[in-house]
Amino acid sequence: PSQTSSSPASQGKEYLIGVTLPLSGELSSIGKIWEKVVYLAFDDLNNEVKAYGFNVTFKPVILDDGTQDDKALANVQSFAQMGIKVVIGPAASSQVKAVKAFADANHIVIISPSSTAPTLAIPNDFIFRTVGSDAKQAKALATLAYSQGARTVVVFHRNDEYGNAFASFFANYFTQLNGTKVYDLPYQTGLSDYTSEVNALASKVQSTGADAVVLIAFDTDAANILAHAASSNVLSSVRWFLSEGPHGAQELLSPTIGGFAQKVKLLGTRPLF
């Protein structure tokens, strides 16, 4: 259990649980919602243990990791200094990879609600993930794209643990389905604007004769990419498919992106229980 803090005997023991969330950065729109969910969850948990007659309470210690690898590691290290042994988060697979060695060495349980990279499905470590692996999601997305008539595909993806692994698994499955060709096009993450990257995508689609784009992205990057794609005749004339990364992002609700999504018949996958 995590470190207990002193409290009146009537309250019993208080256990601290670390929570590292993307309250800023590329996943901030969903991270801010998750912060509210954390407090609701801890209320539920405390009511539950009280109903069972346990004289303990659980308290979250929430830190912002900015959707950045180094900040996620710094947060987990800060939790460790506080004696906390259980951490909820981080969100991104690259962040989970960044904290893994420290967590394993210090026996800190990491519970990510959203990391999906198949490369992190490693037995007997201290990393636990409550969402399905992209090994299966990539198969579902490949099947969806193929069933919709896609044959020559450009996979436009984040150049990180999540994007690279997803793209690799997608390409394998799409090829097995007798897809004609998969072109891999990674893009740098963390940019404020993706105009040049979208221009490169348009050139790739035009030169390869692709009939579909598969976008493997997060919140803010997906919104920026889709908004720019909406003004491209080349990118507006092919089908688009999307990973679960941006699902629920408020940025996707703009009229520009909505109109584009309708025009290219945008479909995506999302792991559900």
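So, here's what we can say about the structure. Everything quoted here is computed from the prediction, not taken from an experiment.

### Quick look at the packing of helix H4 (residues 134-147) against helix H5 (residues 161-176)
So, point 1. Interhelical geometry of H4 versus H5 gives an angle of 50° and a closest axis separation of 8 Å. Comparing their axes, H5 and H4 come out oblique. Where H4 crosses over H5, the two elements pack in a sense that is right-handed. Contacts from Asp134, Ala135, Gln137, Ala138, Lys139, Leu141, Ala142, Ala145 and Tyr146 in H4 reach Tyr162, Phe166, Phe169, Phe170, Tyr173 and Phe174 in H5.
So, point 2. Per-class residue counts for the contact of H4 with H5 are twelve nonpolar, one polar and two charged.

### Examining the nonpolar core
So, point 1. Within the largest apolar cluster, 25 residues are counted, with the highest numbers of intra-cluster contacts made by Leu201, Leu215, Leu235 and Trp240.
So, point 2. Among the secondary structure elements, those contributing two or more residues to this core are strand S7 (152-158), strand S8 (181-187), helix H6 (195-208), strand S9 (212-216), helix H7 (219-229), strand S10 (239-242) and helix H8 (255-263).
So, point 3. When residues of this core are assigned to their parent elements, the largest contribution, five residues, is made by H7.
So, point 4. Once you skip the residues sitting within four places of it in the chain, Trp240 turns out to touch Leu201, Val213, Leu215, Ile225, Leu226, Ala229, Leu235, Phe260, Val264, Lys265, Leu266 and Leu267.
So, point 5. Judged by nonpolar contacts, the second largest core, of 22 residues, contains Ala142, Ala212, Ile216 and Phe218.

### Observations concerning the pairing of S10
So, point 1. Where burial is concerned, the two faces of S10 agree: the one with Arg239 and Phe241 and the one with Trp240 and Leu242 are both buried.
So, point 2. Two strands pair when backbone bridges link them, and S9 and S10 are joined in this way by four bridges, in the parallel orientation. Across the sheet, residue Leu215 finds its bridge partner in S10, namely Leu242.
So, point 3. With respect to chirality, the unit in which S9 leads through H7 into the neighbouring parallel S10 is right-handed.
So, point 4. The pairing of S10 with strand S11 (residues 267-268) spans two bridges and is parallel. Along S11, the bridge assignment pairs Leu242 with Gly268.
So, point 5. Read as a crossover between parallel neighbours, the route from S10 over H8 to S11 is right-handed.

### Remarks on the sheet that holds S9
So, point 1. The five strands lie next to each other as S8-S7-S9-S10-S11, forming an open sheet whose pairing is parallel. Each edge of the sheet is formed by a strand with only one pairing partner; in this case those strands are S8 and S11.
So, point 2. Of the strand pairs in this sheet, S7 and S9 are connected by five bridges, and their pairing is parallel. If you follow Val155 over to S9, its bridge partner there is Val214.
So, point 3. Together, S7, S8 and S9 form the strand contacts of H5, whose direction differs from that of S7 by roughly 165°.

### Quick notes on the pattern of salt bridges
So, point 1. According to the stated counting rule, one finds six salt bridges in the structure shown.
So, point 2. For the salt bridge of Glu26 with Arg158, the shortest nitrogen-to-oxygen distance reads 3.0 Å. In this pair, Glu26 sits in the loop between strand S2 (13-21) and helix H1 (28-51) while Arg158 sits in strand S7, placing the two residues 132 residues apart along the sequence.
So, point 3. The buried category is assigned to Arg158, whose relative accessible area is 3%.
So, point 4. Across the salt bridge formed by Asp125 and Lys100, the nearest N and O atoms sit 2.8 Å from each other. One end of the pair, Asp125, is in the loop between strand S5 (109-112) and strand S6 (127-129); the other, Lys100, is in helix H3 (residues 93-106), and 25 residues separate them in sequence. Like Lys100, Asp125 is buried.
So, point 5. Overlapping salt bridges bring together Glu26, Arg158, Asp160 and Asp221 as one network.

### With respect to unusual backbone geometry
So, point 1. In the segment running from Gly89 into Pro90, the intervening peptide bond is cis, with an omega of 0°.
So, point 2. Positive phi, normally seen in glycine, also occurs at Asn124, with a value near 65°.
So, point 3. Along the polypeptide, Asn124 turns up in the loop between S5 and S6.

Scoring rules and cut-offs
Residues numbered from 1 in each chain as written. Predicted model: local features only at pLDDT ≥ 70, side-chain atom pairs only at ≥ 80, totals over all residues. Heavy atoms only, no water. Axes fitted to C-alpha atoms, helices over the stretch in contact; angles between N-to-C directions. Helix = DSSP H or I, 4+ residues; strand = E, 2+ residues; numbered from the N terminus. Parallel < 35°, antiparallel > 145°, perpendicular 65-115°, else oblique. Left-handed = near helix turned anticlockwise from the far one by under 90°. Contact = heavy atoms within 4.5 Å. Nonpolar A, V, L, I, M, F, W, Y, C, P; charged D, E, K, R; others polar. Core = buried A, V, L, I, M, F, W, Y, C linked by side-chain atoms within 4.5 Å. Buried < 20%, exposed > 50% of the residue type's maximum accessible area, 1.4 Å probe, protein only. Pairing = 2+ DSSP bridges. Right-handed = clockwise from strand over helix to strand, strands pointing away. Salt bridge = Lys/Arg side-chain N within 4 Å of Asp/Glu carboxyl O.

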